[in-house]
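As a plain string of letters, each chain reads:
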Amino acid sequence: MSIERHPLSNMYSSLRQGRCRHGPRDPIRHGIALSSSRGNAKTACTKISHRRGLVRVRDVIPAVGALSLVPVTLAQLGIPTDVFWDARTPALLAAVAVSAAASASGLGGAILVERNAPAISRFDDEVHFRLTSLVASIAAGAGVSHEECSAHGFFIKGTRRKARLVNAGRVRTRSSPSMNAPQWRVGKGVIGRSAATGDYVQVRWGTLSSSAIQQGRQRWKGLSSSDRWGLNWGELHHTHDYELICAAPIFDRGGKLIGVVSFDGPEHLHVRAGYLRDDLRSAARSLSDLWPPPKGWWISHA
């Protein structure tokens, strides 16, 4: 896949925002999936990188700030009594300080995003362009309409066990299906499995989900988390409109796993597995060239 500007790019300018044998007997358990290697999920996940400590602190700051307001509010209302709070002045002062610090942190994040808005916008535009090129290349090569295809880019945020996949960009002309639900994380869905194994994954999801829904909720609940692709019954229904889903990992220049690029389209494209794999891996390399995102990008995409 080439990342040269393609005529279809203009069409999307307004849209900015495993391993199994073919034809397994059990489409649910085996996922009708193609993956060049199972990989090692634990090893791959250890490669996830992004200022882990800083991410943890940012995630809890809003909650801490909200909790610190509780004693302050109670003291203002005199609950339980004014005398009770008079004896706890140091604690009240500490709560006020924590609340002020949390507010300052939120304000600081907003200022950072505003200051770097041009760089963030350029980064988002480049992600969008590369995803547009991916859709255009696959649609042209397979002889299908670009309206039947879509592509998404995800970057990994968080620690190994709680890492989630932040939607960095998408190219889609239809409102459904949508990658907005469920909340993707490492190990969940086709995208999450690619992130967990660090390898290419391709699944005929339409066949898998239809078979699973037909067999019923209890059958689905009885499967292992891996066989359920990390999805509960409700999340399975959210993804039912997908036909074919492919995903390839994105690595930075040092070889660390930083995200996943995905493509979905008509299920009959599964016969072009080799071409799809090559196109997605090429797109993953082109997205890697953009890394890292500018300051404030993670806050703006929270």
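A few points on the structure. (Residues numbered from 1 in each chain as written. Predicted model: local features only at pLDDT ≥ 70, side-chain atom pairs only at ≥ 80, totals over all residues. Heavy atoms only, no water.)

### So, the overall build of the chain
- Check the secondary structure of the chain and you find 12 helices and 6 strands.
- Within the chain, the fraction of its 302 residues that count as buried is 48%. (Helix = DSSP H or I, 4+ residues; strand = E, 2+ residues; numbered from the N terminus. Buried < 20%, exposed > 50% of the residue type's maximum accessible area, 1.4 Å probe, protein only.)

### A word on helix α8 (residues 205-215)
- All buried positions along α8 are accounted for by W205, G206, L208, S209, S211 and A212.
- Backbone geometry just downstream of α8 places G216 in the positive-phi region, at approximately 100°.

### Let's talk about the side chain of H301
- Of note, H301 is situated in the segment after α12 (297-300).
- Within polar-contact distance, the side chain of H301 engages the side chain of D124 at 3.3 Å. (Polar contact = N/O pair within 3.5 Å; in protein donor to acceptor, adjacent residues only side chain to side chain.)

### Points about helix α7 (residues 189-197)
- The element α7 is extensively covered by neighbouring structure, given that 9 of its 9 residues are classed as buried.
- G198 sits one or two positions beyond α7 and adopts a positive phi of about 70°.

### A short note on unusual backbone geometry
- The step from W291 to P292 runs through a cis peptide bond, and the omega angle for that step is 0°.
- Here P292 is to be found in the loop between α11 (273-288) and α12.
- Positive phi values are uncommon outside glycine, yet W229 reaches one of about 60°.
- Relative to the helices and strands, W229 resides in the loop between α9 (217-221) and α10 (233-238).

### Some remarks on the side chain of S150
- Take S150: it is sitting in strand β2 (residues 150-157).
- Within the structure, S150 has its side chain in polar contact with the side chain of R172 (distance 2.9 Å).
- Apart from the residues within four sequence positions on either side, S150 is in contact with V135, V171, R172, S262, F263 and D264. (Contact = heavy atoms within 4.5 Å.)

### Some details on the packing of aromatic side chains
- What the rule picks out here adds up to 7 aromatic pairs.
- Seen from their ring centres, F123 and F155 are 6.2 Å apart, and the 40° between their planes marks the pair as tilted. Remark: F155 occurs in strand β2 and F123 occurs in helix α6 (residues 117-142); sequence separation between them is 32 residues.
- Since its relative accessible area comes to 2%, F155 is described here as buried.
- Measuring from centroid to centroid gives 6.3 Å for W291 and W298, while their planes differ by 80°, and the two rings are edge-to-face.
- The exposure class of W291 is buried, given its relative accessible area of 12%.
- Using a relative accessible area of 5% as the deciding quantity, one classes W298 as buried. (Phe/Tyr/Trp six-rings, centres within 6.5 Å; stacked < 30°, edge-to-face > 60°.)

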